[in-house]
Amino acid sequence: MKIFQKLLNIKEEKGAGYFVLIDPDSFPTEDVGKKVNKICNSGVDMILVGGSLLMTNGYNEKIELIKKYSSIPMILFPGSTSQIRNEFDAVLFLSLISSRNPEMIIGKQVISAPILKAMNMEAISIAYMLIESGKVTTAEFMSNSKPIPSNKSDIAVAHAIAAEMLGFKMIYLEAGSGADNPVPNEMISMVKKQVNIPIIVGGGITKPEIAKQKVIAGADFIVTGNILEKEGNSHLMSKFADSIHK
Ligand code: 1GP
């Protein structure tokens, strides 16, 4: 079964799905097994791997190991074309539709699409929107694009309607990794009212109760990354899963 169909099934069965984002820079190679086992035993639906920047060596080895230890799908959340690897079960094929930087909307995609096709890799088209979140995030800086102001839900809604009309499979409302403020509930619910495609919400979600509010507002999938990388926080994972699933 295709990963996109699995995502729809998760949404149907559990009300909403939970993704944990692994930043390959954030842990040493010898910790991969322990980390992945913890994720797979905490009710997480899928693992996302990626990041706007890679600062350490050993990416390829880590991807091989995550795949080896994982019992759930591993999906690429790409920061660049060079992160594409055969081991992934699918790739979130992002177009940064909130940007006016053509490289991030279509340029990178033209370079990576033939590679993904030749690999027979499932590419799930995602209308990716950066939402202003209190400070300049890595995604904003690296993509050289202005985020949508967090109090301008109508702008996000207009982008979302355009994304659905253009045939994107999903929408990703992104506050940016480590954001001070997550995407506002009001913006999520206004987008939800206007489109039928699933909505992923991530960035700055630091508590299970916050994740639950995002789901109540209309998020179909929640992503957490940073918060679980802080020492002693891995126990939060099953709490997040419980608060996201019905
Ligand atoms: C970033 O949405 C993800 O792309 C996760 O963000 O690291 O803040 O949880 P955090």
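See the structure shown above.
Conventions and cut-offs
Residues numbered from 1 in each chain as written. Predicted model: local features only at pLDDT ≥ 70, side-chain atom pairs only at ≥ 80, totals over all residues. Heavy atoms only, no water. Helix = DSSP H or I, 4+ residues; strand = E, 2+ residues; numbered from the N terminus. Rg over C-alpha atoms; globule rule 2.2 N^0.38 Å. Contact = heavy atoms within 4.5 Å. Areas by Shrake-Rupley, 256 points an atom, 1.4 Å probe, with all protein chains shown as cover. Lys, Arg positive; Asp, Glu negative; His and termini not counted. Charge placed at Lys NZ, Arg CZ, Asp CG, Glu CD. Axes fitted to C-alpha atoms, helices over the stretch in contact; angles between N-to-C directions. Parallel < 35°, antiparallel > 145°, perpendicular 65-115°, else oblique. Left-handed = near helix turned anticlockwise from the far one by under 90°. Nonpolar A, V, L, I, M, F, W, Y, C, P; charged D, E, K, R; others polar. Patch = residues over 30% accessible without salt bridge, like charges linked within 9 Å, V, L, I, M, F, W, Y side chains within 5 Å. Salt bridge = Lys/Arg side-chain N within 4 Å of Asp/Glu carboxyl O. Buried < 20%, exposed > 50% of the residue type's maximum accessible area, 1.4 Å probe, protein only. Near = heavy atom within 4 Å. Polar contact = N/O pair within 3.5 Å; in protein donor to acceptor, adjacent residues only side chain to side chain. Pairing = 2+ DSSP bridges.

**Concerning the overall build of the chain**
And then number 1: Across its full length, the chain holds 10 helices and eight strands.
And then number 2: Its C-alpha radius of gyration of 17 Å places the chain within 12% of the 18 Å reference for a compact globule of 246 residues.
And then number 3: Seen along its three principal axes, the alpha-carbon backbone of the chain occupies a region of about 45 × 40 × 35 Å.
And then number 4: For the chain, the proportion of contacts with a sequence separation of at least 24, taken over those separated by at least 6, is 72%.
And then number 5: Entry remark: accessible area of the chain is about 11400 Å², with carbon and sulfur atoms responsible for 53%.
And then number 6: Side chains of the chain carry 26 positive and 25 negative charges; the gap between the two charge centres is 3 Å.

**So, the packing of helix H2 (residues 32-40) against helix H3 (residues 59-69)**
And then number 1: Here H2 crosses H3 at 45°, and the two axes come no closer than 9 Å. In terms of their interaxial angle, H2 and H3 are classed as oblique. Between H2 and H3 the crossing geometry is right-handed. Facing Val 32, Gly 33, Val 36 and Asn 37 of H2, the residues of H3 in contact are Lys 62, Leu 65, Ile 66 and Tyr 69.
And then number 2: Residue composition of the contact of H2 with H3, grouped by class: five nonpolar, two polar and one charged.

**Overview of a nonpolar patch on the surface**
And then number 1: A cluster of nonpolar side chains, Leu 53, Met 55, Val 136, Phe 141 and Met 142, forms an exposed patch at the surface whose accessible area comes to about 560 Å².
And then number 2: Note on placement: Met 142 falls in helix H5 (residues 138-143).
And then number 3: A residue is classified by how much of its surface remains accessible, and Met 142, at 41% relative accessible area, is partly exposed.

**Looking at the pattern of salt bridges**
Pairing of side chains with opposite charge becomes possible as their charged atoms draw close.
And then number 1: Summed over the entire model, instances satisfying the criterion amount to seven salt bridges.
And then number 2: Note that Asp 220 and Lys 11 form a salt bridge whose closest N and O atoms lie 2.8 Å from each other. Within this pair, whereas Asp 220 is found in the loop between helix H8 (208-217) and strand S8 (221-224), its partner Lys 11 is found in helix H1 (residues 3-14), the two being separated by 209 residues in sequence.
And then number 3: What makes Lys 11 partly exposed here is its relative accessible area of 29%.
And then number 4: Among the ionic pairs, Asp 89 bridges to Lys 67, the shortest N-O distance being 2.9 Å. A residue pair is termed long-range when its members are at least 10 positions apart, and Asp 89 in the loop between strand S3 (74-76) and strand S4 (90-96) and Lys 67 in helix H3 qualify at 22 residues.
And then number 5: Among the charged side chains, a salt-bridge network with shared partners connects Lys 11, Lys 192 and Asp 220.

**Some thoughts on the site of the ligand**
And then number 1: Around the ligand, the surrounding shell holds 14 residues, and the nearest of these are Glu 174, Ser 177, Gly 178, Gly 225 and Asn 226.
And then number 2: For the ligand, an oxygen atom lies 3.0 Å from a polar atom in the backbone of Gly 203.
And then number 3: Here an oxygen atom of the ligand sits 2.7 Å away from a polar atom, N or O, in the main chain of Asn 226.
And then number 4: Where the shell around the ligand is concerned, the elements lending two or more residues are strand S6 (170-174) and S8.
And then number 5: Partitioned by chemical class, the residues of the shell around the ligand number four nonpolar, nine polar and one charged.

**Some remarks on the packing of helix H6 (residues 153-166) against helix H7 (residues 185-194)**
And then number 1: Contact pair H6 / H7: the axes reach a minimum separation of 9 Å and the direction vectors enclose 35°. The element H6 and its partner H7 pack so that their crossing is right-handed. Counted together, Ser 153, Ala 156, Val 157, Ala 160, Ile 161 and Glu 164 of H6 and Glu 186, Met 187, Met 190, Val 191 and Gln 194 of H7 form the full contact between these two elements.
And then number 2: Residue composition of the contact of H6 with H7, by class: seven nonpolar, two polar and two charged.

**Thoughts on the sheet that holds strand S5 (residues 123-130)**
And then number 1: Strand order around the closed barrel formed by eight strands is S1-S2-S3-S4-S5-S6-S7-S8, with parallel pairing between neighbours. Strand-to-strand, the axes of this sheet are offset by a mean angle of 30°, without reference to chain direction.
And then number 2: Pairing analysis gives five bridges linking S5 to S6, with the strands arranged parallel. The partner of Ala 127 across the bridge, within S6, is Ile 171.

**A look at the side chain of His 245**
And then number 1: By the secondary structure assignment, His 245 is in the segment after helix H10 (236-244).
And then number 2: A distance of 2.7 Å separates polar atoms of two side chains, one belonging to His 245 and the other to Asp 45.
And then number 3: His 245 has contacts with Lys 14, Ala 16, Gly 17, Tyr 18, Gly 43 and Asp 45, leaving out every residue within four places of it along the chain.

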